[in-house]
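Descriptive analysis of the structure
Chain residues, written in single-letter form:
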Amino acid sequence: MHPRDPRAPFLVLADYEQRSLAHVAGLPEQLDAPGLWRGVAYRVGSHRLASGFNEVVEILPLPALTHVPGALPWLLGVANIRGSLLPVVDLKQFLEGERTVLHERQRVLVVRQPGGDVAITIDELYGQRSFIEAQGIDASALTEGRYAHFVDRAYRMNDQDWGVFSLERLARTPEFRQAAA
């Protein structure tokens, strides 16, 4: 094709179209490296944790709370989030028995559970983290106390250990469901 050919722009566009139609876009899972895991990373107490994107509905600043009389100590109260009342749980107190020190930069993860969503407090949000199988480590060092029920794998990245925390398992725990319902 010669640059002065009047058909040149059309031929370029036709070539783009042909290449575009020949390209089959794969699913994101197929485009990622094998063994790649991605999730939302956060800290609860001294534990660096990550949970799957499919387990976190949204991340919000700590909403205004209304105390619930007679509730367990780790149920901080309920919050009106866009017209829906959600229970707000102090995850650190639920897991460790020690109350979280609330601050203005506090975040909550909204988690889906049977019967309605629930918000759980986290101490610090780190954002997205990606891990590969080669970074996998023995999770037993990160699973003392109640964490053992929710963390079954872990990764080490840049000399920091990250436990994969199952929010789905948390939402199915009878004690948690009953109090947060």
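Cut-off values and rules
- Residues numbered from 1 in each chain as written.
- Predicted model: local features only at pLDDT ≥ 70, side-chain atom pairs only at ≥ 80, totals over all residues.
- Heavy atoms only, no water.
- Helix = DSSP H or I, 4+ residues; strand = E, 2+ residues; numbered from the N terminus.
- Buried < 20%, exposed > 50% of the residue type's maximum accessible area, 1.4 Å probe, protein only.
- Contact = heavy atoms within 4.5 Å.
- Areas by Shrake-Rupley, 256 points an atom, 1.4 Å probe, with all protein chains shown as cover.
- Core = buried A, V, L, I, M, F, W, Y, C linked by side-chain atoms within 4.5 Å.
- Pairing = 2+ DSSP bridges.
- Axes fitted to C-alpha atoms, helices over the stretch in contact; angles between N-to-C directions.
- Salt bridge = Lys/Arg side-chain N within 4 Å of Asp/Glu carboxyl O.

Right, let's get into the overall build of the protein chain. Looking only at helices and strands, one finds five helices and eleven strands in the protein chain. Counting only residues that meet the buried cut, the protein chain has 39% of its 181 residues in that class. For the protein chain, long-range pairs separated by at least 24 residues make up 56% of all intrachain contacts whose partners lie at least 6 apart in sequence. In the form shown here, the protein chain has an accessible surface area of approximately 10900 Å², with 53% of it arising from carbon and sulfur atoms.

Of all hydrophobic cores here, the largest spans 26 residues; its most connected members are Tyr42, Ile120, Phe165, Leu167 and Leu170. Discounting chain neighbours no more than four positions away, the residues touching Leu170 are Leu91, Phe94, Ile120, Phe150, Phe165 and Phe176.

Below, the discussion takes up the sheet that holds strand 3 (residues 56-61). Two pairing modes exist for strands in a sheet, parallel and antiparallel, and in both the strands are linked by backbone hydrogen bonds. Here we have five strands laid out as an open sheet, ordered 3-6-7-5-4, and mixed in their pairing. At either end of the open sheet lies a strand with only one pairing partner, and these are strand 3 and strand 4 (75-81). Strand-to-strand twist across the sheet, computed as the mean angle between neighbouring axes with direction ignored, equals 30°. Across five bridges, the pairing between strand 3 and strand 6 (residues 107-111) is antiparallel. Looking at strand 6, one finds that Ile59 is bridged to Leu109.

Moving on: the sheet that holds strand 9 (residues 136-137). In spatial order, the strands read 8-1-2-11-10-9; together these six strands make up an open sheet with mixed pairing. The strands lining the two open edges of the sheet, one partner per strand, are strand 8 (124-131) and strand 9. Both strand 9 and strand 10 (residues 151-157) contribute to a ladder of two bridges, which runs antiparallel. Across the sheet, residue Ile137 finds its bridge partner in strand 10, namely Ala154.

Here the idea is simple: oppositely charged side chains can pair when their charged atoms come close. For the coordinates displayed, the defined rule picks out nine salt bridges. Among the ionic pairs, Glu124 bridges to Arg43, the shortest N-O distance being 3.1 Å. Residue Glu124 is found in strand 8, and its partner Arg43 is found in strand 1 (residues 37-44); the two are separated by 81 residues along the sequence. Its relative accessible area of 33% is what places Glu124 among the partly exposed residues. Here Glu58 ties to Arg82 by a salt bridge, and the two come within 2.2 Å at their closest N and O atoms. Linking Glu58 in strand 3 with Arg82 in the loop between strand 4 and strand 5 (84-89), this pair joins segments that are 24 residues apart in sequence. Judged by its relative accessible area of 24%, Glu58 falls in the partly exposed class. Look at Arg82 and you get exposed, because its relative accessible area is 61%. Each member of the salt-bridge network shares a partner with another, and the members are Arg43, Asp123 and Glu124.

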